[in-house]
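# Working through the structure, step by step
Spelled out, the chains give:
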Amino acid sequence: MALTDKQRVFFFKLARRAYDNQQPLMEFNAWRKSEMVEAGLPDSVKKVSQVIGYDTLMLHFAELAYDMELVEKFQTNESRMLQHVIGGLVKDLDFITRRVSCGCKRFEYTDDISQAPAKSLRPIMQCLGQAVIELCNKHGIEIRELPTAAKPYEMRGKRAADFNNYILSKTGMQKRKEAKTTANQ
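Per chain, residues are indexed from 1 in the order of the written sequence. The predicted nature of this model means local features are confined to residues of pLDDT at least 70 and side-chain atom pairs, given and counted, to a pLDDT of 80 or more, with totals for whole chains, interfaces and linings taken over all residues. Derived side-chain values reflect all non-hydrogen atoms in the structure, with water molecules and hydrogen atoms excluded from consideration.

### Quick look at the packing of aromatic side chains
In this scheme Phe, Tyr and Trp rings, the latter by its six-membered ring, pair at centre separations within 6.5 Å, and the angle between planes marks the pair as stacked below 30 degrees, edge-to-face above 60, and tilted otherwise. Applying the stated criterion across every chain, the model contains 7 aromatic pairs. Consider the rings of Phe-11 and Phe-12, whose centres lie 5.1 Å apart with planes at 65 degrees: the pair is edge-to-face. Partly exposed describes any residue whose relative accessible area lies between the buried limit of under 20% and the exposed limit of over 50%, with all areas from a 1.4 Å probe on protein chains only and scaled to the type maximum. Take Phe-11: its relative accessible area is 0%, and that puts it in the buried class. Through pairs of rings, three or more aromatic residues link up here, namely Phe-11, Phe-12, Tyr-19, Phe-28, Trp-31 and Phe-61. Only Lys NZ and Arg CZ are tested; either one counts as a charge over a ring when it is within 6 Å of the ring centre and within 35 degrees of the ring normal. Cation over ring: Arg-16 sits above Phe-28, and NZ or CZ is 3.8 Å from the ring centre.

Here you go:
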């Protein structure tokens, strides 16, 4: 899911401020692309996800622009999103544990991550995500059976987000407005 037009405009304004603040010895686009790669994202804005990559991208450039208000905002956003993902992975691991143990055991994640920064949450998310995939493969559990798989198509992660974007492109508010405008003409 590519960035929305508003997100792109906001990003480029912030990137320009960061560029002016950093005063690198290269032209803007080359510098922006290198900074995007340094942030762990693709070098093209078109390849950045509006769901996951946007907050990471904006946080990186807010730090370069020394805009502490935006840094705090995007740190909070990214941490909240990662905590939500970790919560879903914990539900999946609990489901797998109950299924494998015939309901005798439960999975609980006892570490308090409510105040953890995003940099601390990413490795936890990756570790839990890998554990879910490995346990599903080991015990013959279909990914679509997990509690975080979206109904009715039972997809998770990027596929679910892409499908949602596709549906919105066909039935979203903008498409309904266009259809109404076309019908009135």
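On we go.
### A few points about the pattern of salt bridges
Side chains that carry opposite charge are capable of pairing whenever their charged atoms lie near each other. In the sections that follow, a salt bridge refers to a side-chain nitrogen of Lys or Arg positioned within 4 Å of a carboxyl oxygen of Asp or Glu. Throughout the structure, instances matching the rule amount to 5 salt bridges. In this structure, Arg-122 engages Glu-78 in a salt bridge whose closest nitrogen and oxygen atoms are separated by 2.6 Å. Remark: Glu-78 occurs in helix H4 (residues 68-100) and Arg-122 occurs in helix H5 (residues 118-139); sequence separation between them is 44 residues. The class for Arg-122 is partly exposed, based on a relative accessible area of 27%. Numbering of helices and strands starts at the N terminus; helices are DSSP runs of H or I of at least 4 residues and strands are runs of E of at least 2.

### Some details on helix H2 (residues 28-38)
Taken together, the buried positions of H2 are occupied by Phe-28, Trp-31, Arg-32, Glu-35 and Met-36. Angular distribution of buried residues about the axis of H2 spans 135 degrees; they occupy a single face of the element. The contact criterion used throughout is that any non-hydrogen atoms of two residues lie within 4.5 Å. Looking at the buried residues of H2, the elements they touch are helix H1 (5-22) and helix H3 (53-64). Under this definition, polar contacts are N or O atom pairs within 3.5 Å; protein pairs additionally need one hydrogen-donor-capable and one acceptor-capable atom, and for neighbouring residues in sequence, both atoms have to be side-chain atoms. Capping of H2 at its N-terminal end is provided by Glu-27; its side-chain oxygen lies 3.2 Å from the backbone amide nitrogen of Asn-29. In the segment just after H2, Gly-40 is the residue with positive phi, at about 85 degrees. To obtain the arc, one takes the directions from the helix axis to the C-beta atoms.

### Overview of the confidence of the model for the chain
Confidence scores per residue from the predictor, reported as pLDDT, run from 0 to 100. Chain-level statistics for the chain give a pLDDT mean of 83 and a share of 79% at 70 or above. Summarising per-element confidence for the chain, the mean pLDDT is lowest in helix H6 (residues 157-171) (63) and highest in H1 (92).

### Some words on the packing of H3 against H4
The axes used here are C-alpha line fits, helices contributing only the stretch in contact, and every angle between their N-to-C directions lies in the interval 0 to 180 degrees. Between H3 and H4, whose axes approach to 9 Å, the crossing angle comes to 155 degrees. It follows from the interaxial angle that H3 and H4 lie roughly antiparallel. The crossing of H3 and H4 is left-handed. Residue-level contacts link Tyr-54, Asp-55, Thr-56, Met-58, Leu-59, Ala-62 and Glu-63 of H3 to Leu-70, Val-71, Phe-74, Gln-75, Asn-77 and Glu-78 of H4. Any angle between 65 and 115 degrees counts as roughly perpendicular, while under 35 counts as roughly parallel, over 145 as roughly antiparallel, and the rest as oblique. Note on convention: near helix rotated counterclockwise from far helix by under a right angle means a left-handed crossing. Clockwise means right-handed.

### As for the state of the cysteines
Criterion for a disulfide: a pair of cysteine sulfur atoms within 2.5 Å. Under the criterion given, the structure shown has 0 disulfides. The thiol of Cys-102 is not disulfide-bonded; the next cysteine sulfur, from Cys-104, is found 6.4 Å away.

### Quick word on H4
An α-helix turns once per 3.6 residues; consequently, residues spaced three or four apart project the same way. Taking 1.5 Å of rise per residue, the 33 residues of H4 would be expected to cover 48 Å, and the 47 Å separating its terminal C-alpha atoms lies within 8% of that figure. Just downstream of H4, Cys-102 is the residue with a positive phi angle, here 55 degrees. Multiplying one less than the number of residues by 1.5 Å gives the expected span of a helix.

### Considerations on the nonpolar core
In this structure, Phe-11, Leu-14, Trp-31, Met-36, Leu-57 and Phe-61 are the most contacted members of the largest nonpolar core, which totals 23 residues. Listed by contribution, the elements that provide at least two residues to this core are H1, H2, H3 and H4. Per-element accounting of this core gives the leading share, 7 residues, to H3. Leave out the neighbours within four places in its chain, and Leu-14 touches Met-58, Phe-61, Ala-62, Ala-65 and Leu-70. Ile-86, Leu-89, Leu-93 and Cys-136 belong to the second largest nonpolar core, which has 16 residues in total. The set of buried Ala, Val, Leu, Ile, Met, Phe, Trp, Tyr and Cys residues whose side-chain atoms join them within 4.5 Å is what this entry labels a nonpolar core.

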